[in-house]
Amino acid sequence: MESIKKYIAEFIGTFTLVFIGCGTAMLVGCDAVNGCGYILTAFAFGLAIVALAYGVGNISGGHVNPAVSLGVLISGGMTVADFCGYVVAQILGALAGSGLLAAIFDMGGVEDKTGGLGTNGLGGVNGSAGAGVLVEIVLTFLFVILILGVTSKNQSHGSFGGLIIGLTLVAIHIIGIGLTGTSVNPARSLGPAIVAAIQGNTEPIGVVWVFIVAPLIGGALAAFVYKFLESAKASEE
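Residues numbered from 1 in each chain as written. Predicted model: local features only at pLDDT ≥ 70, side-chain atom pairs only at ≥ 80, totals over all residues. Heavy atoms only, no water.

A look at the overall build of the protein
Looking only at helices and strands, the protein features 10 helices and zero strands. Counting from the amino terminus, helix and strand elements in the protein follow one another as α-α-α-α-α-α-α-α-α-α. For a compact globule of 237 residues, the expected C-alpha radius of gyration is about 18 Å, and the protein comes in at 17 Å, within 12% of that figure. Here the C-alpha coordinates of the protein stretch approximately 60 × 40 × 30 Å along the principal axes. Of all intrachain contacts in the protein linking residues separated by at least 6 positions in sequence, the fraction that spans at least 24 positions is 77%. (Helix = DSSP H or I, 4+ residues; strand = E, 2+ residues; numbered from the N terminus. Rg over C-alpha atoms; globule rule 2.2 N^0.38 Å. Contact = heavy atoms within 4.5 Å.)

Have a look at this one:
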């Protein structure tokens with residue numbers, strides 16, 4: 001029963017992240033030329049994470065991201081069974097968030113300024129899958145290693161942990177939106193891409209593999225590096 005509660009929390013959390021983050025991008029646009037929309041989108045994703053950290057973080061840890069869950073799994077913080085349950089819940093949450101956005105924008109006749117439900121793409125790197133993979137690996141590595149550090153039992157950030165993580169995601173979006181739209185989260189990318197494909201826009205689904213594979217690699221690398229650094233520190237003590 002406890003696991004089911006965690007999965008429900010991850011579903012709600014990922015739904016909220018996509019609905020607020022991608023919804024904001026759809027409303028205001030996230031073109032680097034449009035500075036206001038760019039910054040608003042970055043803060044929408046970051047502030048959503050802050051809210052989720054304090055809202056469902058005490059139930060499931062507030063991963064809302066398969067790359068984060070993979071990092072926690074490798075670090076020994078969860079079982080394989082829970083990891084699988086988290087990922088399924090996260091993907092379903094992202095699909096629900098994207099589906100609701102599509103319905104609202106369609107019924108209300110609202111223009112989607114991203115042209116694809118806030119999906120990620122490679123336009124900022126001139127279509128280069130290699131560059132996109134590199135960007136997403138680096139950004140996810142930085143994000144996940146920060147999360148592992150902030151949530152480590154050896155750290156004492158008190159009630160500020162969620163705020164630190166959320167503001168870090170804002171910074172990551174500020175640099176990443178103009179390059180790949182910033183994923184660092186396979187569920188956040190897959191949900192909108194699938195719903196966009198259902199609506200007839202198949203371009204995002206064609207490159208979504210970049211935003212699944214690269215964040216998972218980045219999350220895994222972050223876990224291995226953090227485990228090494230933490231063990232080195234422990235041996236010194």
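Next comes the rest of the write-up.
Some details on the pattern of salt bridges
The tally for this structure, following the rule as stated, stands at two salt bridges. Across the pair Lys5 and Glu2 runs a salt bridge whose closest N-O atoms are separated by 3.7 Å. On the criterion of helical spacing, the pair formed by Lys5 and Glu2 is a turn pair, its members being three residues apart in helix α1 (residues 2–28). When its relative accessible area of 54% is taken as the criterion, Glu2 is described as exposed. Among the ionic pairs, Lys6 bridges to Asp82, the shortest N-O distance being 4.0 Å. Pair noted here: Lys6 is in helix α1 and Asp82 is in helix α5 (residues 80–108), with a separation of 76 residues, a long-range link. (Salt bridge = Lys/Arg side-chain N within 4 Å of Asp/Glu carboxyl O. Buried < 20%, exposed > 50% of the residue type's maximum accessible area, 1.4 Å probe, protein only.)

A few points about the environment of Ile177
Here Ile177 shows up in helix α7 (residues 161–180). Spatially, the C-alpha atom of Ile177 lies 33 Å from that of Lys5, the residues being 172 residues apart in sequence. Excluding anything up to four places from it in sequence, Ile177 contacts Cys30, Tyr38, Thr41, Ala42 and Thr182.

Description of the side chain of Thr119
Within the secondary structure, Thr119 is located in the loop between α5 and α6 (129–150). Note on Thr119: relative accessible area 19%, which makes it buried. Of the polar contacts made by the side chain of Thr119, one reaches the backbone oxygen of Gly116; its length is 2.9 Å. In this structure Thr119 touches Arg188, Pro192, Ala193, Ala196 and Pro204, once residues within four positions along its chain are discounted. (Polar contact = N/O pair within 3.5 Å; in protein donor to acceptor, adjacent residues only side chain to side chain.)

Considerations on unusual backbone geometry
Positive phi outside glycine occurs at Val64, with the angle close to 45 degrees. Here Val64 falls in the buried class, since its relative accessible area comes to 1%. Unusually for a residue other than glycine, Leu117 sits at a positive phi of about 60 degrees. Secondary-structure assignment places Leu117 in the loop between α5 and α6. We classify Leu117 as buried; its relative accessible area is 3%.

With respect to the confidence of the model for the protein
Across the protein, the average pLDDT comes to 93, with 94% of residues at or above 70. The least confident element of the protein is helix α10 (residues 210–236), whose mean pLDDT is 88; the most confident is helix α8 (residues 186–198), at 98. (pLDDT = per-residue confidence, 0-100.)

Observations regarding the packing of α1 against α5
Between α1 and α5, whose axes approach to 7 Å, the crossing angle comes to 35 degrees. The hand of the α1/α5 crossing is right-handed. Grouping the constituent residues of the contact of α1 with α5 by class yields 18 nonpolar, eight polar and three charged. (Axes fitted to C-alpha atoms, helices over the stretch in contact; angles between N-to-C directions. Left-handed = near helix turned anticlockwise from the far one by under 90°. Nonpolar A, V, L, I, M, F, W, Y, C, P; charged D, E, K, R; others polar.)

Some thoughts on the side chain of His63
By secondary structure assignment, the location of His63 is in the loop between α3 (57–60) and α4 (66–74). Relative accessible area serves as the criterion here: at 12%, His63 is assigned to the buried category.

So, the packing of aromatic side chains
The relation between two aromatic rings is expressed through the spacing of the ring centres and the mutual angle of the planes. Tallied over the full model, the rule gives two aromatic pairs. Relative to Tyr86, the ring of Tyr7 has its centre 6.0 Å away and its plane inclined at 85 degrees; by these criteria the two rings are edge-to-face. Of the two residues, Tyr7 is situated in helix α1 and Tyr86 in helix α5; the sequence distance between them amounts to 79 residues. The burial state of Tyr7 is the same as that of Tyr86; both residues are buried. Both rings, one in Phe15 and one in Phe19, keep their centres 5.8 Å apart while their planes meet at 10 degrees; by these two values the pair is stacked. One end of the pair, Phe15, and the other, Phe19, are both in helix α1, four residues apart, so they sit about a helical turn from each other. According to the relative accessible area criterion, Phe15 is partly exposed, its value standing at 23%. (Phe/Tyr/Trp six-rings, centres within 6.5 Å; stacked < 30°, edge-to-face > 60°.)

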